[in-house]
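Each chain, written out:
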Amino acid sequence: MGRGGGAPTAGAFPEGHRFARPSELGKGALAALMNLPALAGLVLILAYPIGYAGYLSLHEVNLRHLRTGEFPFAGWANFGRLLDDPVFWLSLRHTVVFVAASVVLEVLLGLGVALVIEDDRVALSRMTRVLILLPWAVPPVVNGLLWAFIFNGQYGYLNRVLMAVGAIAEPVNWLGAPGLAMAAVITAYVWRTTPFNILLYHAALQGIPGELYEAADVDGASPWQRFFRITLPLLTPIIAVSLILRTTFGFMVFDEILAITQGGPGNATWVAAWYTYKTSFQPPFDIGLGAASAWALALIVGAISFVYVRALYRRVEA
Amino acid sequence: MTIRRAASPRRRLPWSRRLGLWLLNLAAIAFLIGPLVPVVLASLQSEKSLQQDLRALLPREYTLANFRLILSGGATRGPIFEQVSYLPKSVERFPSAFLNSLIVGAAVTLIALAAASLSAYTIARMGVWWTRALLRASVAARMVPLVVLMVPLYVMFRRYGLLNSLGGVVIAEVGFLLPYAVLILTPYLASLPAELEDAARIDGCTRFGAFWRIVLPLAAPGLAACAVILFVISWHELLIPLIVVSRPEFMTLPVVLAGLVSDYFVFFTLMMAICLLGLLPTAALVLLLRTYIVRGLVAGALKG
């Protein structure tokens, strides 16, 4: 959008131009040199570890092996155990529910707020614009802890407020029932992540030329027609971007789970990232299995983003 | 970045529509700040006052005892905590964790910003064919789930002695954040006018000299936006330090906060005070530098 979308401009001076100093490094060499730090980071801290995770997932790795430094080859044994583990499938199901619910809420709430504050004639809409990023600024762990307090069955503020308005007579133990606990975690997560969507949609709305709306007014379009015929089609690209980002990030949810439910009650809120963390870094420290589950998760996320990118961008370009 | 809607003849909105939008806007404000209200209220009272009346919304009496206790690392107990025999470890660890988070955040921001600005310049300006592939790699790298990196990084760091060091945390976070920084900076650098750079070249500046003397100073607002975003994400990061660090003296703030999970039923008021202190730095940054951050976040998302 706007200034962000500018195409990269080639240097104004082709190789061998008379302004280029003879002693100067060639363009390719200089580019390579300047990319060295980022490339080193990308390879050593991202690409290599991803490959190494694949290696670990095919080997037997636990605390004893870490001490000796030798990892016996295990073939597909870790993946076999992973697919046989009902808790893994349970975590995947929970993750899908979590991602689906949170993405839908993030998009709808994000669109809603962005549309409400689109018009700065609405009283206090400038204040809302200032506050949009506040939940984004809250550290995820803090977000988890504060919602754990809000939902607390004994001292929490949700019960206090609901009792004050007379919606409930007795305190409810929100985090004690599986369905409610999942809803609580989703609520907490969505509160922190929706602002990012509001921001994107708000920026996109500001970029829609006013003439389009004026033309629609001249033609006597109703507000609904304006929304479905002008606003929504023009927002589709940005909604596509937000869908991809929010889905991949939703699959990684960890902090709120740790802070609010620790996977409980029972294992009602075990999600994929929590599964990997628990198997790898808590007794029995089954790092081979953890690596296998991490790879499975990466494949799922990769496949979903791929399908998304193909499907959404084809629609956008059509 | 955004084009303000052309100032069309501004008709007054019909009053029903104005009232409806105003109410919806109030709901949006309540959504954005509502959950923070209980945090403030709880942090300003004693645990006894919180537990006394389970239906009360406002504290019976206000006190700053929680904050005094935390900021002094548990030393200033005051009358409320005098009788308490057990205090959460997080209270004692708060000051050093705060400092560690600052150090890690500053280091991660500086290193990632330096490496990413060099890269972004080559992508945005130099027109070398393979730098486009680098941009695509950065987009893909942003989608890599952090959990996937945790297991191998732990094993690698264990081998190279990087566990239990702030350096290990910084290295892991830089690797994770670099692609994002490239995505934020590339469109910004591409949007800068090329004429000044060309003029410098004509005056005999080398290409790198033009980058260093002309482009970087021009890009200051974009660099600032990227820096704030990097710092905020680093300040928030839990999983990396949780896995790299197990010794208290190297713990960052999110790790210490996560430690409250095991004993939070003991002191809710104290927990909310710690939470408030933990979210204050990034909340202040975000509210103060809002326009920069918005620009950076939107640019970083759109390159995707």
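Conventions and cut-offs
- Residues numbered from 1 in each chain as written.
- Chains lettered and ligands numbered in written order.
- Predicted model: local features only at pLDDT ≥ 70, side-chain atom pairs only at ≥ 80, totals over all residues.
- Helix = DSSP H or I, 4+ residues; strand = E, 2+ residues; numbered from the N terminus.
- Buried ≥ 20, exposed ≤ 12 C-beta atoms within 10 Å, placed from the backbone.
- Contact = placed C-beta atoms within 7 Å.
- Rg over C-alpha atoms; globule rule 2.2 N^0.38 Å.
- Core = buried A, V, L, I, M, F, W, Y, C linked by C-beta atoms within 7 Å.
- Expected span 1.5 Å × (residues − 1).
- Bend = angle between axes of the 7 residues up to and from the residue.
- Nonpolar A, V, L, I, M, F, W, Y, C, P; charged D, E, K, R; others polar.
- Axes fitted to C-alpha atoms, helices over the stretch in contact; angles between N-to-C directions.
- Parallel < 35°, antiparallel > 145°, perpendicular 65-115°, else oblique.
- Left-handed = near helix turned anticlockwise from the far one by under 90°.
- pLDDT = per-residue confidence, 0-100.

### Here we look at the overall build of chain B
Now for step 1: The secondary structure content of chain B amounts to 16 helices and zero strands.
Now for step 2: The principal-axis extent of the C-alpha atoms belonging to chain B is close to 75 × 70 × 35 Å.
Now for step 3: When each of the 304 residues of chain B is scored for burial, the buried share is 53%.
Now for step 4: Restricting to contacts in chain B with at least 6 residues of sequence separation, those with at least 24 account for 72%.

### A look at the overall build of chain A
Now for step 1: Summing up its helical and strand segments, chain A has 14 helices and zero strands in all.
Now for step 2: Secondary structure elements in chain A, listed N-terminal to C-terminal, are α-α-α-α-α-α-α-α-α-α-α-α-α-α.
Now for step 3: The globule rule puts the C-alpha radius of gyration for 318 residues at 20 Å, and the 25 Å found for chain A is more than 25% above it.
Now for step 4: Dimensions of chain A, computed from the C-alpha atoms along their principal axes, are close to 80 × 70 × 35 Å.
Now for step 5: A fraction of 68% describes how many contacts in chain A between residues 6 or more apart in sequence connect residues 24 or more apart.

### Side note on the nonpolar core
As a rule of thumb, soluble globular proteins bury nonpolar side chains together.
Now for step 1: Counting 195 residues, the largest nonpolar core has A:Leu145, B:Ala112, B:Ala181 and B:Leu230 as its most contacted members.
Now for step 2: The leading source of residues in this core is helix 9 (residues 166-191) of chain B, at 17 residues.
Now for step 3: Residues in contact with B:Ala112, not counting those within four places in the same chain, are B:Val174, B:Leu177, B:Leu178, B:Ala181 and B:Leu230.

### Brief notes about helix 15 (residues 268-288) of chain B
Now for step 1: When the terminal C-alpha atoms of helix 15 of chain B are compared, their 29 Å separation across 21 residues agrees well with the 30 Å that a helix rising 1.5 Å per residue should span.
Now for step 2: A maximum bend of about 40 degrees is found in helix 15 of chain B at B:Leu280, where proline B:Pro281 lies one to four positions downstream.

### Some thoughts on the interface of chain B and chain A
Now for step 1: Across the contact, 102 residues belong to chain B and 106 residues belong to chain A.
Now for step 2: Classifying every residue of the side of chain B that touches chain A gives 78 nonpolar, 15 polar and nine charged.

### Overview of the environment of B:Leu218
Now for step 1: Summarising the element assignment, B:Leu218 is placed in helix 11 (residues 207-218).
Now for step 2: It is 16 Å that separates the C-alpha atoms of B:Leu218 and B:Arg201, two residues lying 17 residues apart in sequence.

### Quick word on the environment of A:Glu70
Now for step 1: Structurally, the position occupied by A:Glu70 is in the loop between helix 2 (63-68) and helix 3 (77-84).
Now for step 2: For the pair A:Glu70 and A:Glu214, spaced 144 residues apart in the sequence, the C-alpha separation amounts to 71 Å.

### Here's the deal with the packing of helix 4 (residues 86-116) of chain A against helix 9 (residues 178-206) of chain A
Residues and elements named next belong to chain A.
Now for step 1: At a minimum axis distance of 7 Å, the contact between helix 4 and helix 9 shows a crossing angle of 40 degrees. Compared by their axis directions, helix 4 and helix 9 come out oblique. The handedness of the crossing between helix 4 and helix 9 is right-handed. The residues of helix 9 that touch helix 4, namely those facing Val97, Phe98, Ala101, Ser102, Leu105, Glu106, Val107, Leu109, Gly110, Leu111, Val113 and Ala114, are Met182, Ile186, Tyr189, Val190, Thr193, Thr194, Asn197, Ile198, Tyr201, His202 and Leu205.
Now for step 2: Taken together, the residues of the contact of helix 4 with helix 9 break down into 16 nonpolar, six polar and one charged.

### Examining unusual backbone geometry
Residue and element names in this part refer to chain A.
Now for step 1: Look at the link from Pro283 to Pro284: it is a cis peptide, with omega at 5 degrees.
Now for step 2: Positive phi values are uncommon outside glycine, yet Gln262 reaches one of about 50 degrees.
Now for step 3: Of note, Gln262 is situated in the loop between helix 12 (255-260) and helix 13 (272-281).
Now for step 4: In the Ramachandran plot, Phe285 falls in the positive-phi region, its phi being about 50 degrees despite a non-glycine side chain.
Now for step 5: Take Phe285: it is sitting in the loop between helix 13 and helix 14 (287-317).

### Some details on the confidence of the model for chain A
All names here are of chain A.
Now for step 1: The predicted model of chain A averages 85 in pLDDT, with 91% of residues at 70 or higher.
Now for step 2: Within chain A, the element-level pLDDT minimum falls on helix 14, averaging 82, and the maximum on helix 4, averaging 94.
Now for step 3: A low-confidence stretch, residues 1-12 stays under pLDDT 50, and its non-local contacts, those more than four residues away or across chains, total 36 contacts.

### Describing the environment of B:Leu163
Residue and element names in this part refer to chain B.
Now for step 1: Looking at the secondary structure, you find Leu163 in the loop between helix 8 (146-159) and helix 9.
Now for step 2: Leu163 gets classed as partly exposed once you count the C-beta atoms within 10 Å, which come to 19.
Now for step 3: Sequence separation between Leu163 and Leu153 is ten residues, and the spatial gap between their C-alpha atoms is 9.7 Å.

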